[in-house]
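In case you want the letters, here they are:
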Amino acid sequence: MPASRRLPEYGLLLAGLALTRVIGWGSIYYSPSVLAGHLERDIGLGPATVFGGITILLVIGAVISPMLGRHLDRRGTRLAMALGAVISALGLGLLALAQGPVSYLSTWSVIGVGHAMQLANTGNVTVAQLMGERTRRMIGLMMLVTGLASSIFWPLTAWLSADYGWRICVLIFAASQLVIVLPIHLSIPAYRAKPLADPGASTVTAGDQGRVPPGERRPIFWLLALSFSASGLVSWGLPLHIIGLMQGAGIAAATAVTIASLSGAATMLARAVDAVAGERLPVERVALAGLALGPAACLLMSVAPGSSVFAIAFVIVFSAAMGVISVARATLPLALFGRQGFGAMLGRLTVPQNLTFAAAPLLFALLVERLGASGTLVVSAAIQCIALFAMIVLVRRLRR
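Please read all numbers here as calculations on a predicted model, not as lab measurements.

### Structural notes on the overall build of the protein chain
At step 1: Assigned secondary structure in the protein chain consists of 16 helices and zero strands.
At step 2: Computed over the C-alpha atoms, the radius of gyration of the protein chain is 21 Å, within 12% of the 21 Å expected from 2.2 N^0.38 for a compact globule of 400 residues.
At step 3: The C-alpha extent of the protein chain, read off along each of the three principal axes, is 65 × 45 × 35 Å.
At step 4: Scored against the burial criterion, the 400 residues of the protein chain give a buried share of 52%.
At step 5: The long-range share in the protein chain, meaning contacts at least 24 apart out of those at least 6 apart in sequence, stands at 86%.
At step 6: Of the roughly 17000 Å² of accessible surface on the protein chain, a fraction of 68% belongs to carbon and sulfur atoms.
At step 7: Side chains of the protein chain give 28 positive and 13 negative charges; the mean places of these two sets differ by 6 Å.

Right, here's the structure in full:
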């Protein structure tokens, strides 16, 4: 298909894909936070087991993403995303039948395959294959909409599980994969991969080829993997404990929850600014800004972890930084390495990132237990400084 398409041609499909992202992330990733209490009362699962399902999901994604990425580059994403919806529905259906820890955790292996095939990288590859040069803005806009997933599915899950039981709630989510998500994924146009052309040929655009010359691709790849994995270790671990950190530092429970709720708005605002104005700046510069704000926010709160004012400043700045970085994580590989082989590139990056993300909740639980609020925040800042340093080195290599 042509390298670039105007928005009106695919506007309806992109809106549908944004909806499937909200449903997918909301029903799979965010729902366990609400279902945890029901699972503990009904089948005796503790929090570690409940959220262990997410760890399995991330590890499964790391295992299959490289092979999946190569398939997406050759065949497009329609079949993979359609199968992903079916497999996710099957996994959620099995989850509704779980009777204990073994059957519960086993279902996440199935859900993990479906999640990898239809969400995250696969969705971004779809946008790249449809939108060409407008990919960065479209990914930013779709991630902006995806930010609504928790705001929609946390109360929806609470309502359904309270009125109908958690098993019926999960079955409804499974049905939504077949009734809503599957038809939208089947409407993705067929894709034919471009033949690999001579890099000097006039038919190869800068967007196809990327900005990194062949001799620099390996070191740039590993710098990118280090930067995003280190920042992701904090962004996937620290927010899970931030309410507890504030309470442990002396902030009242209701106040801590109210402050933490500012996170969603700050993340969406940052993504909105990036989607509207980000194309005026190289994406690596935008990533640098986010990577610098993250450790600054952690150090700020570590000075006075019991202060509500400092906590508000931390939540807003940290969440905005993570919102910008999450978009850069999807769009910077495209800018650096081009659309040719984009799926394979994202698949390779997924391996270190997902393994790091999977370890984050347990690591931060140990940090909070051993180091307390201030110590955890200082360690978080140090980890993010590693990510910042790797990105600085990357930018300098690009200049050369």
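After presenting the structure, the write-up continues.
### A look at helix α12 (residues 253-260)
At step 1: Those residues of α12 that sit buried are A256, I259 and A260. Burial along α12 is one-sided: seen end-on, the buried residues are contained in an arc of 95°.

### Examining the environment of L245
At step 1: Checked against the element boundaries, L245 lands in helix α11 (residues 242-248).
At step 2: Note: C-alpha distance between L245 and G294 (49 residues apart in sequence) is 17 Å.
At step 3: In contact with L245, other than residues within four places in its own chain, are L238, V368, G372, A373 and T376.

### Thoughts on the pattern of salt bridges
At step 1: Tallied over the full model, the rule gives two salt bridges.
At step 2: A salt bridge links R167 to D42; its shortest N-O distance comes to 3.6 Å. Of this pair, R167 sits in helix α8 (residues 166-186) while D42 sits in helix α1 (residues 7-43); the two residues are 125 residues apart in sequence, bridging distant segments of the chain.
At step 3: For R167, a relative accessible area of 23% puts it in the partly exposed group.

### A few points about the packing of aromatic side chains
At step 1: Inspection of every chain in the model, using the stated rule, returns nine aromatic pairs.
At step 2: Between W159 and Y164, the aromatic rings sit 6.2 Å apart at their centres with planes inclined by 80°, giving edge-to-face as the arrangement.
At step 3: Residue classification places W159 among the partly exposed residues on the basis of a relative accessible area of 45%.
At step 4: Both rings, one in W236 and one in F357, keep their centres 4.7 Å apart while their planes meet at 5°; by these two values the pair is stacked. Of this pair, W236 sits in the loop between α10 (217-235) and α11 while F357 sits in helix α16 (residues 342-399); the two residues are 121 residues apart in sequence, bridging distant segments of the chain. Taken as a pair, W236 and F357 share a single burial class, namely buried.
At step 5: Put simply, the rings of W25, Y29, Y30, W236 and F357 touch in pairs and so form one group of aromatic residues.

### Digging into a nonpolar patch on the surface
At step 1: A cluster of nonpolar side chains, contributed by L19, V86, L178, V179 and I180, occupies part of the molecular surface with about 400 Å² of accessible area.
At step 2: The element that contributes the greatest number of residues to the nonpolar patch is α8, accounting for three residues.
At step 3: As for its position among the elements, L178 is in helix α8.
At step 4: With a relative accessible area of 42%, L178 lands in the partly exposed category.

### Description of the packing of helix α7 (residues 149-164) against α8
At step 1: With their axes 7 Å apart at the nearest point, α7 and α8 run at an angle of 130° to one another. Of the possible angle classes, the one that applies to α7 and α8 is oblique. The handedness of the crossing between α7 and α8 is right-handed. Side by side, α7 and α8 meet where F153, L156, T157, L160, S161 and Y164 of the first sit next to W166, I168, C169, I172 and F173 of the second.
At step 2: Among the residues making up the contact of α7 with α8, the classes are represented as nine nonpolar, two polar and no charged.

### What about the nonpolar core?
At step 1: Counting 87 residues, the largest nonpolar core has L224, L238, M246, F314 and M391 as its most contacted members.
At step 2: Broken down by element, the residue count for this core peaks at 17 residues, all from α16.
At step 3: Residue contacts for L238: discarding those within four places in its chain leaves L245, C298, F314, F318, F364, T376, L377 and S380.
At step 4: Counting 17 residues, the second-largest nonpolar core is a separate cluster that includes L130, I139, M143 and A330.

### Side note on the confidence of the model for the protein chain
At step 1: Confidence in the prediction of the protein chain, expressed as mean pLDDT, is 84, and 92% of residues score 70 or more.
At step 2: For the protein chain, the element scoring lowest by mean pLDDT is helix α9 (residues 206-209), at 58; α8 scores highest, at 95.
At step 3: Every residue in residues 1-7 is under pLDDT 50, and counting partners more than four places away or in other chains gives 27 contacts.

### Looking at helix α5 (residues 121-131)
At step 1: Taken across its 11 residues, α5 has 10 buried, putting it largely inside the fold.
At step 2: Inspection of α5 places T122, G123, N124, V125, T126, V127, A128, Q129, L130 and M131 among the buried residues, and these make up the whole buried set.

### What about the packing of helix α14 (residues 283-303) against α16?
At step 1: Taken N-terminus to C-terminus, the directions of α14 and α16 make an angle of 160°; their axes are 8 Å apart at the nearest point. Between α14 and α16, the angle is such that the two are roughly antiparallel. The two elements α14 and α16 meet at a crossing, and its hand is left-handed.
At step 2: When its residues are assigned to classes, the contact of α14 with α16 shows 18 nonpolar, five polar and three charged.

Conventions used here
- Residues numbered from 1 in each chain as written.
- Predicted model: local features only at pLDDT ≥ 70, side-chain atom pairs only at ≥ 80, totals over all residues.
- Heavy atoms only, no water.
- Helix = DSSP H or I, 4+ residues; strand = E, 2+ residues; numbered from the N terminus.
- Rg over C-alpha atoms; globule rule 2.2 N^0.38 Å.
- Buried < 20%, exposed > 50% of the residue type's maximum accessible area, 1.4 Å probe, protein only.
- Contact = heavy atoms within 4.5 Å.
- Areas by Shrake-Rupley, 256 points an atom, 1.4 Å probe, with all protein chains shown as cover.
- Lys, Arg positive; Asp, Glu negative; His and termini not counted.
- Charge placed at Lys NZ, Arg CZ, Asp CG, Glu CD.
- Arc of directions from axis to C-beta.
- Salt bridge = Lys/Arg side-chain N within 4 Å of Asp/Glu carboxyl O.
- Phe/Tyr/Trp six-rings, centres within 6.5 Å; stacked < 30°, edge-to-face > 60°.
- Patch = residues over 30% accessible without salt bridge, like charges linked within 9 Å, V, L, I, M, F, W, Y side chains within 5 Å.
- Axes fitted to C-alpha atoms, helices over the stretch in contact; angles between N-to-C directions.
- Parallel < 35°, antiparallel > 145°, perpendicular 65-115°, else oblique.
- Left-handed = near helix turned anticlockwise from the far one by under 90°.
- Nonpolar A, V, L, I, M, F, W, Y, C, P; charged D, E, K, R; others polar.
- Core = buried A, V, L, I, M, F, W, Y, C linked by side-chain atoms within 4.5 Å.
- pLDDT = per-residue confidence, 0-100.

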